[in-house]
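For reference, the chains in residue letters:
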Amino acid sequence: MTDIRTKYEERLSRVTAYIYDHLDDDIDLNKLADVACLSPYHWHRIYRAIHAETIAATVKRLRLHRAAGHLANTAMPIEEIARRSGYKNQQSFTRAFGAVFGMPPAQYRHEGSHTKFQPSRQNGEPATYDIAIKTVPKITAVTIEHIGSYMEIGRAFEELFVRLGAANLVGIETRSIGIYYDDPDAVPEDKLRARAGVVVDESRPIDASLGQPLEWTEIQGGPHAVLRHTGPYADMDAAYQWLYGAWLLQSGREAADAPVYEEYINNPRDTPPTELVTEISLPLL
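We now turn to the structure provided with this report. (Residues numbered from 1 in each chain as written. Predicted model: local features only at pLDDT ≥ 70, side-chain atom pairs only at ≥ 80, totals over all residues. Heavy atoms only, no water.)

## Thoughts on the pattern of salt bridges
Once their charged atoms are close, side chains differing in charge can pair, the charge on each being opposite to the other. If you walk through the whole model with that rule in mind, you get 13 salt bridges. Note that Lys138 and Glu218 form a salt bridge whose closest N and O atoms lie 3.6 Å from each other. Pair noted here: Lys138 is in the loop between β1 (132-136) and β2 (139-147) and Glu218 is in strand β5 (residues 215-219), with a separation of 80 residues, a long-range link. Since its relative accessible area comes to 49%, Lys138 is described here as partly exposed. Given the relative accessible area of 55%, Glu218 is considered exposed. Its salt-bridge partner being Glu158, residue Arg269 comes within 2.5 Å of it at the nearest N-O pair. Of this pair, Arg269 sits in the loop between β7 (260-264) and β8 (277-283) while Glu158 sits in helix α8 (residues 154-166), and the two are 111 residues apart along the sequence. Residues joined by salt bridges that share partners form a network here, namely Glu53, Arg61, Glu158 and Arg269. (Salt bridge = Lys/Arg side-chain N within 4 Å of Asp/Glu carboxyl O. Helix = DSSP H or I, 4+ residues; strand = E, 2+ residues; numbered from the N terminus. Buried < 20%, exposed > 50% of the residue type's maximum accessible area, 1.4 Å probe, protein only.)

And the structure:
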């Protein structure tokens, strides 16, 4: 039974990768059946049984996630964002976006949770947010490489969970970690380096059957500045700007020679974007 489920998961992971590559296109469900090498009569039910959401919900979620990123981090016109998100008109996009993010796109651009980390419009002083200084143990995670937009690291997590799920190495309590090596403002988007990872028992071997891209990655222990962010993943660029540009410069602390990482506390498949919780951890000397 496990082998059969694994085969289905591997086929459906190709569907997710295809969706990431074609978010700007009209996505033909019959084409996705071909990508999955599954019968068009049954593959929708199989997808929903494994991923706990319909394929239409996945496409909508990924498109709106990207749209939130455009609204928070670019000046792209809302009409263009709507078109790229697969909506025939701005009104339909506004209704869909508002239902998920709790406010229409124009309001989100100016009042979304990313704006909490921007200087106050009234006095020009930056907002302040609680940072917890924690001494954390070394973490060893199984990871897979992601090159490109940080907004698309989800595709690496999809592949990672399929591979580790086949070996019964993931469960409800599995910790998901994203490690980010580059500054998006200094490195071209297509060259950004990251690793998607999960924390598993180190005594469990990673054998060749799981695939060459997987490797053990050690995350440095010791003191960390931890910023707990609640809201869409697309908003976190503003949180990083505040963490480095305001808190670190005023803290008297120095960043260690180790990459920042994020831990994802809940699951975007079953959690509204406004309730997603991410802990951003900055290693310190």
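## Considering the packing of aromatic side chains
The geometry of two aromatic rings is summed up by the distance between their centres and the angle between their planes. One pass over the structure, following the stated rule, counts 9 aromatic pairs. When the ring of Trp43 is compared with that of Tyr47, the centres are 6.1 Å apart and the planes differ by 80°; the resulting orientation is edge-to-face. Within this pair, Trp43 and its partner Tyr47 are both found in helix α3 (residues 43-51), separated by 4 residues, close to a single helical turn. Tyr47 sits in the buried class, given a relative accessible area of 0%. Seen in terms of ring centroids, Phe93 and Phe97 are 5.7 Å apart; in terms of plane orientation they differ by 50°. Their pairing is tilted. Of this pair, Phe93 and Phe97 both sit in helix α6 (residues 90-101), 4 residues apart, which is roughly one turn of that helix. Look at Phe93 and you get buried, because its relative accessible area is 0%. Owing to a relative accessible area of 0%, Phe97 belongs among the buried residues under this scheme. (Phe/Tyr/Trp six-rings, centres within 6.5 Å; stacked < 30°, edge-to-face > 60°.)

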